[in-house]
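# Survey of secondary and tertiary structure
One letter stands for each residue in the lines below.
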Amino acid sequence: MPWNTLMDTMMGELHARGRTLGDFAAALLAAPIDPRVPAAIRAAAALGCDLRVLSDANAFFIETVLEHHGLRGCFTEVNTNPSRVDAGGRLRIEPYHDFLRGAPHGCGVGTCPPNMCKGQVLHRILREAAAGGRKPRVIYLGDGRGDYCPALRLAREDFVMPRRGYPVWDLIREDPARVQAEVHPWADGAEMEATLLALVRRALVEDAAAAALLPLDCKLESSIPAAAQDGGGRADAAAALQ
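Description of the structure in this document. This structure is a prediction, so every number in the text was calculated from the model and none was measured.

Glancing now at the pairing of strand S1 (residues 51-54). Of the two faces of S1, the one lined by Leu-51 and Val-53 and the one lined by Arg-52 and Leu-54 are each fully buried. Pairing geometry for S1 and strand S2 (residues 75-79), over four bridges, is parallel. Among the inter-strand pairings, Val-53 is bridged to a residue of S2, identified as Val-78. Each parallel crossover has a hand, and for S1 linked through helix H4 (residues 59-68) to S2 it is right-handed.

Put into structure tokens, the structure is as follows:
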């Protein structure tokens, strides 16, 4: 059973036992979080990064945690499995790609769950940026098998930050040549923060240097690492967080 379907089933069983949305929220907020993670998110946003979430969790879980830690405003977009509360008060968790109703994502990489291909989501983000005349650099952070597909779609000027000891790191190590982007692994919140902010600053410097070499009438809007966003003088850097 796909994880997404399992979670929806579990929500139904817990609802039948009298558990409420408030109970779920309390459990989410009680879960520990490395303090370096919120610090890294705020710092990246302050540097001008366009931060986007690509997650196989669900909207209720993610929005609850981000709002609690005061981080929702740091992200321009949350891409995840939709959730809703039905007429009986039960939390329903639905698939991002509705494979249950005959709309499979059709990804051929083999590591994406049936309910969500993060690679296709990233492709859509980059396509929308290109349509707006921008080519953002990407810093992609992840740890699961589903993060391997988007890692394969990154370009040479992009960066991927897999978590050591987790499935996406193992997949990358099996055949490093398949990944074009620079690979920068991390193991804990402190290393993640240091690596992410170093890459953001590096990309800002590189993009500024590249723009300075262009004739005045040919200068490009600066763009920097991550999932994609609006420039307008700020770096187009966004980290896609798991």
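Per the stated rule, a full pass over the model turns up zero disulfides. Free cysteine Cys-107: the closest other cysteine sulfur is in Cys-149, separated by 3.7 Å.

Attention now goes to a nonpolar patch on the surface. Together, Met-1, Trp-3, Leu-6 and Met-10 give the surface a local cluster of nonpolar side chains, amounting to about 440 Å² of exposed area. Under the relative-accessibility criterion, Met-1 is labelled exposed at 69%.

For Arg-137, the location among the structural elements is in the loop between helix H5 (118-131) and strand S5 (138-142). Among the polar contacts made by the side chain of Arg-137, one reaches the main-chain carbonyl oxygen of Glu-157 at a distance of 3.0 Å. A polar atom in the side chain of Arg-137 sits 3.2 Å from the side chain of Asp-207.

Looking now at the nonpolar core. Leu-51, Phe-75, Ile-139, Met-161, Met-192 and Leu-196 are the most contacted members of the largest nonpolar core, which has 22 residues in total. Elements supplying a minimum of two residues to this core: helix H3 (36-46), S1, H4, S5, strand S6 (159-162) and helix H8 (189-212). If one sorts the elements of this core by residue count, H8 sits on top with six residues. Ranked by size, the runner-up nonpolar core spans 17 residues in total, among them Leu-152, Leu-154, Val-168 and Ala-181.

This brings us to the pattern of salt bridges. Applying the stated rule across the entire model yields 16 salt bridges. Between Glu-157 and Lys-135 there is a salt bridge, with the nearest N and O atoms lying 2.3 Å from each other. Here Lys-135 lies in the loop between H5 and S5 and Glu-157 lies in the loop between helix H6 (148-152) and S6, a separation of 22 residues in the sequence. In this structure Glu-157 comes out as partly exposed when scored by relative accessible area, which is 29%. Across the salt bridge formed by Arg-137 and Asp-207, the nearest N and O atoms sit 3.2 Å from each other. Here Arg-137, found in the loop between H5 and S5, pairs with Asp-207, found in helix H8; they are 70 residues apart in sequence, far enough to count as distant. The exposure classification of Arg-137 matches that of Asp-207, with both residues buried. Ionic contacts of the salt-bridge type, sharing partners, join the residues Asp-50, Arg-52, Glu-77, Arg-124 and Glu-128 into one network.

Turning our attention to helix H2 (residues 21-30). The complete set of buried residues in H2 reads Phe-24, Ala-25 and Leu-28. Along the long axis of H2, the arc covered by the buried residues comes to 100°, so they all point the same way. What points out from H2, more than 90 degrees from its buried face, is the exposed set Ala-27 and Ala-30. At its buried positions, H2 is contacted by helix H1 (3-16), H4 and strand S4 (91-93).

Calculation notes
Residues numbered from 1 in each chain as written. Predicted model: local features only at pLDDT ≥ 70, side-chain atom pairs only at ≥ 80, totals over all residues. Heavy atoms only, no water. Buried < 20%, exposed > 50% of the residue type's maximum accessible area, 1.4 Å probe, protein only. Helix = DSSP H or I, 4+ residues; strand = E, 2+ residues; numbered from the N terminus. Pairing = 2+ DSSP bridges. Right-handed = clockwise from strand over helix to strand, strands pointing away. Disulfide = S-S within 2.5 Å. Patch = residues over 30% accessible without salt bridge, like charges linked within 9 Å, V, L, I, M, F, W, Y side chains within 5 Å. Areas by Shrake-Rupley, 256 points an atom, 1.4 Å probe, with all protein chains shown as cover. Salt bridge = Lys/Arg side-chain N within 4 Å of Asp/Glu carboxyl O. Polar contact = N/O pair within 3.5 Å; in protein donor to acceptor, adjacent residues only side chain to side chain. Core = buried A, V, L, I, M, F, W, Y, C linked by side-chain atoms within 4.5 Å. Arc of directions from axis to C-beta. Contact = heavy atoms within 4.5 Å.

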